Every structure is written in C-alpha cells, then in structure tokens.
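Structural description and commentary
Spelled out from the first residue to the last, the chains are:
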Amino acid sequence: MRAYELMVIIDGDVEDPKAQSYTKMVTDEITKAGGSLHGKPDWWGKRAFAYPINKKEAGYYFVIECVATGGALDELERQLRLADDVARHKVIRLPEAEAERRGMAVNA
C-alpha cells in the first residue's frame, strides 16, 4: 500500500454544489479501486488562480489523502483528465517518511 495526496481544481464557472459533488465522485472511485481515505476531503473552496488557466481566473480546490496499491488510481486519473469541469489535477505519491509523519499506515 502506498500513501497518496490528490489535489483537484474544478472550473470556477461551475456552480458550488456541482463542484462539491466531485469530492464524492473522487472518494467513491478511490474506495472502488480498493483504496481508503485518510481523514476527510479538505475542501478549500473557490480561489483565484495565480495566472489564467483555460482563460479562467478562479477555481474550486480540494485535497484528498488516501492509501492505495500501486496503479490503483490510474482509472481515477483518466476520468479526471477527461472531465470537462476539471481545470487541473495532480496525484502525488508521498515519501514513506512523510506518510508516517502524517499518520498514514503504509506497509510495503
């Protein structure tokens, strides 16, 4: 099992409830892939971009920490890449020391 941090930015033109529904979609996909969440999704809300992305000035941010097997999040990444409302997303595998510091149980 590996520890991951996932950040997603939803297009700022989307209504707030629809943007928040993406957190449920992402968490459902993680559990469907055999992973588990660490804590609750961290909803940052609507924030201005440092520079325009796809001619947009703002977007909704949220961060999710999870534990999953290697390659389990590939389908989720594909869905986020294809979703029109997703401005950006990034999945980062946390180093083992950082995962332990955050209290995420990682067993090789």
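Residues numbered from 1 in each chain as written. Predicted model: local features only at pLDDT ≥ 70, side-chain atom pairs only at ≥ 80, totals over all residues. Heavy atoms only, no water.

**Here's the deal with the packing of helix H1 (residues 16-32) against helix H2 (residues 74-82)**
Interaxial distance between H1 and H2 falls to 9 Å at its minimum, and their mutual angle equals 155°. As the angle between them shows, H1 and H2 are arranged roughly antiparallel. H2 is crossed by H1, and the crossing has right-handed handedness. Of the residues in H2, those in contact with Met 25, Val 26, Glu 29 and Ile 30 of H1 are Glu 75, Leu 76, Gln 79 and Leu 80. (Axes fitted to C-alpha atoms, helices over the stretch in contact; angles between N-to-C directions. Helix = DSSP H or I, 4+ residues; strand = E, 2+ residues; numbered from the N terminus. Parallel < 35°, antiparallel > 145°, perpendicular 65-115°, else oblique. Left-handed = near helix turned anticlockwise from the far one by under 90°. Contact = heavy atoms within 4.5 Å.)

**Points about the environment of Leu 6**
The topology assignment puts Leu 6 in strand S1 (residues 2-11). The class of Leu 6 is buried, set by a relative accessible area of 2%. Here Leu 6 is in contact with Val 26, Phe 62, Val 63, Ile 64, Leu 76, Leu 80, Lys 90 and Val 91, once residues within four sequence places are set aside. (Buried < 20%, exposed > 50% of the residue type's maximum accessible area, 1.4 Å probe, protein only.)

**Remarks on H1**
If you check H1, its first and last C-alpha atoms are 25 Å apart, about what 17 residues at 1.5 Å a residue would give, namely 24 Å. Three or more residues of H1 are buried, namely Ala 19, Tyr 22, Thr 23, Val 26, Thr 27, Glu 29 and Ile 30. Down the axis of H1, the sector holding all buried residues measures 160°, keeping them to one side. Set apart from the buried face of H1 by more than 90 degrees, the exposed residues are Pro 17, Lys 24 and Lys 32. Where H1 is buried, its residues touch S1, strand S2 (36-37), strand S3 (42-53), strand S4 (56-68), H2 and strand S5 (86-93). Positive backbone phi, approximately 95°, marks Gly 34, located one or two places after H1. (Expected span 1.5 Å × (residues − 1). Arc of directions from axis to C-beta.)

**Here we look at the pattern of salt bridges**
One pass over the structure, following the stated rule, counts 10 salt bridges. For Glu 5, the salt bridge is made with Arg 102, and the minimal N-O distance between the two is 2.6 Å. Note that Glu 5 is positioned in strand S1 and Arg 102 in the segment after helix H3 (96-101), a separation of 97 residues in sequence. Residues Glu 98 and Arg 101 are paired through a salt bridge, measuring 2.7 Å at the closest nitrogen-oxygen approach. Pair noted here: Glu 98 and Arg 101 are both in helix H3, with a separation of three residues, about one helical turn. Relative accessible area serves as the criterion here: at 21%, Glu 98 is assigned to the partly exposed category. The class of Arg 101 is exposed, set by a relative accessible area of 62%. (Salt bridge = Lys/Arg side-chain N within 4 Å of Asp/Glu carboxyl O.)

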